[in-house]
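Spelled out, the chains give:
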Amino acid sequence: MLRILSTYLFVSKRLTPELLTQIAGAGFEGVEIFATRSHFDYSTKNEVRSVAMALADRRLGLTSLHAPTSRDLSVNREGGIPLSITEVERVRRFEAMDELKRVLDVAEDLPYSRLILHMGGSREAADPRKRDAAFTSLEHLTLHAKHLGVTVCIENTTSEMGEPAYLRAFVDETRLSRLRFNFDIGHAHLAEGPQEGRLAKSFEPLRGLVASAHVHDNHGEKDEHLPPYEGSIDWPGALKLFDSASVKDLPLTLEVKEKTGQDAPSLQEQLTAAAKSLDRLEEDLSEARQAT
């Protein structure tokens, strides 16, 4: 199991060689960079090449980039104007596609294999016009990605357009055969219905096309992005689901959120706790495989 950390933990800060040193020092072997410009300015060649050198020096692999969700260039990405492939207005949709092409173009200087992308915002209601907009956007983006050796992976979210059954129907109906899915277990744990059935219900429609997964925990009520075992997700059961994917040794990326406030642990302590949660996940995965 490759130990991968999303830099979402550090998204409020500029991605520096020092941060990458901390990540490598905590025992991680790869990273997924969260592509918001205030954290990682993917539009600047010099910064991309600088990060490429820093990753190589620390023997960290870049497994994926997470597409930006906002046009806002400020540190607080959540306060910005949404950047979405489902924009019905043509000009705004083209702006979003141009921005995402810049993210894909990072692969020219810093190769990576997957772009993780949301289908609209966190409250995106299903709408035929937005569906058509998404199809047009993804038709262009997957072609652009193919030339760069990148696979576009749509992530399940808590919105109607990010619901797993909707996503699978979208791919089947549009025949966008290059698209794959990134299964976000934290988002799946927030689906409707009894908690014990949420993960399997969410995973099933995506199973055959899942190429990667985000692992983080919550208590089934809000998207907390906690380290595994700090919420109420059934991790032994989740690991069985991951092993049933069509991709052998499904890449699992730890995507935890920085804890802030006066009583919050230091960022180094949070990084250490995240690494320990992954240790436990590896142990459980090893035990599950030995038992089968």
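We now turn to the structure provided with this report. Sequence order sets the numbering: in each chain, residues are counted from 1 along the sequence as written. Selection of residues for local features in this predicted model requires a pLDDT of at least 70, selection of side-chain atom pairs for listing and counting requires 80 or more, and totals for whole chains, interfaces and linings are taken over all residues. Computation of side-chain values covers all heavy atoms of the structure but excludes hydrogens and water.

With that out of the way, let us pick up the nonpolar core. Within soluble globular proteins, side chains that are nonpolar generally end up buried alongside one another. Core analysis: the biggest nonpolar cluster contains 79 residues, and Tyr112, Leu138 and Phe242 have the highest contact counts within it. No other element matches the seven residues that helix 9 (residues 267-291) contributes to this core. For this analysis, a nonpolar core means a set of buried residues of the types Ala, Val, Leu, Ile, Met, Phe, Trp, Tyr and Cys, connected via side-chain atoms within 4.5 Å. Classification of residues uses two cut-offs on accessible area relative to the type maximum, computed with a 1.4 Å probe and protein chains only: under 20% is buried, over 50% is exposed, and between them is partly exposed. Per the convention used, a helix needs a DSSP run of H or I reaching at least four residues, while a strand needs a run of E reaching at least two, with both numbered from the N terminus.

Turning next to the packing of aromatic side chains. Here a Phe, Tyr or Trp ring, Trp counted by its six-membered ring, pairs with any other such ring whose centre lies within 6.5 Å, and the pair is stacked when the planes are under 30 degrees apart, edge-to-face when over 60, and tilted otherwise. Applying the stated criterion across every chain, the model contains four aromatic pairs. Centroid distance Tyr8 to Phe34: 5.4 Å. Interplanar angle 35°. Geometry classified as tilted. With a gap of 26 residues between them, Tyr8 in the loop between strand 1 (4-6) and helix 1 (17-25) and Phe34 in strand 2 (residues 30-34) connect regions that are remote in the sequence. Since its relative accessible area comes to 3%, Phe34 is described here as buried. Their ring planes at 75° and their centres at 6.3 Å tell us that Phe183 and Phe242 sit as a pair that is edge-to-face. Here Phe242 lies in helix 8 (residues 235-243) and Phe183 lies in strand 6 (residues 180-184), a separation of 59 residues in the sequence. Under the relative-accessibility criterion, Phe242 is labelled buried at 4%. Taken together, Phe183, Phe203 and Phe242 form an aromatic cluster joined through their ring pairs. By the criterion adopted, a ring carries a charge over it if an Arg CZ or a Lys NZ lies within 6 Å of its centre and within 35 degrees of its normal. In this structure, Arg280 is placed above the aromatic ring of Tyr229, and the distance from its NZ or CZ to the ring centre is 3.9 Å.

With that settled, consider the pairing of strand 6. Summarising burial for strand 6: four of the five residues are buried, a large majority. We call two strands paired when DSSP finds no fewer than two bridges between them. Of the pairings in the sheet, the one linking strand 5 (residues 151-155) to strand 6 comprises three bridges and is parallel in character. Looking at the pairing, Glu155 lines up with Asn182 of strand 6. Following the backbone out of strand 5, through helix 5 (residues 164-174) and into the adjacent parallel strand 6, one traces a crossover that is right-handed. By the bridge criterion, four bridges tie strand 6 to strand 7 (residues 210-215) in an arrangement that is parallel. Residue pairing in the sheet places Phe183 in a bridge with Ala213 of strand 7. Crossover handedness is defined by viewing with both strands directed away from the observer: a clockwise path from the first strand over the helix to the second marks the crossover as right-handed.

Let's shift gears to the pattern of salt bridges. We define a salt bridge as a contact between a side-chain nitrogen of Lys or Arg and a carboxyl oxygen of Asp or Glu at a distance within 4 Å. In this structure the tally under the stated criterion is 16 salt bridges. We note a salt bridge from Lys45 to Asp109, for which the minimum N-O separation is 2.7 Å. A residue pair is termed long-range when its members are at least 10 positions apart, and Lys45 in helix 2 (residues 45-57) and Asp109 in the loop between helix 3 (90-104) and strand 4 (114-118) qualify at 64 residues. Judged by relative accessible area, which is 39%, Lys45 ranks as partly exposed. For Asp109, a relative accessible area of 24% translates into the label partly exposed. Because the salt bridges share partners, they merge into one network encompassing Lys45, Arg49, Glu108 and Asp109.

Attention now goes to the environment of Leu9. Of note, Leu9 is situated in the loop between strand 1 and helix 1. When the C-alpha atoms of Leu9 and Glu258 are compared, they prove to be 5.0 Å apart, with 249 residues separating the residues in sequence. Contact between two residues is taken to exist if any of their heavy atoms lie within 4.5 Å; hydrogens are not considered. The residues contacting Leu9, other than those within four sequence positions of it, are Val256, Lys257, Glu258, Leu267, Gln270 and Leu271.

Let's shift gears to helix 8. Listing the buried residues of helix 8 in full gives Trp235, Ala238, Leu239, Leu241 and Phe242. In an axial view of helix 8, the angular spread of the buried residues amounts to 155°, which keeps them on one side of the axis. The secondary structure elements touched by the buried residues of helix 8 are strand 6, helix 6 (185-188), helix 7 (195-206), strand 7, strand 8 (252-254) and helix 9. Between N or O atoms, a polar contact is any pair within 3.5 Å; within protein, one atom must be a potential hydrogen donor and the other a potential acceptor, and residues adjacent in sequence are included only when both atoms are from side chains. The opening residue of helix 8 is Asp234, an N-cap whose side-chain oxygen sits 3.3 Å from the backbone nitrogen of Gly237. Directions pointing from the helix axis toward each C-beta atom define the arc.

Running from amino to carboxyl end, helix 8 crosses helix 9 at an angle of 65°, the nearest separation of the two axes being 10 Å. In this structure, helix 8 meets helix 9 at a crossing whose hand is right-handed. Taking contact as the criterion, the partners of Trp235, Leu239 and Asp243 in helix 8 are, on helix 9, Leu281, Asp284, Leu285 and Arg289. Across the contact of helix 8 with helix 9, the residue classes break down as four nonpolar, no polar and three charged. Under this scheme, a helix contributes an axis fitted over its contacting stretch, all axes are lines through C-alpha atoms, and angles between N-to-C directions fall in the 0 to 180 degree range. Take the far helix as the reference: if the near one is turned anticlockwise from it by less than a right angle, the crossing is left-handed, and if turned clockwise, right-handed. The nonpolar class holds Ala, Val, Leu, Ile, Met, Phe, Trp, Tyr, Cys and Pro. Asp, Glu, Lys and Arg form the charged class, and all remaining residues, Gly among them, are polar.

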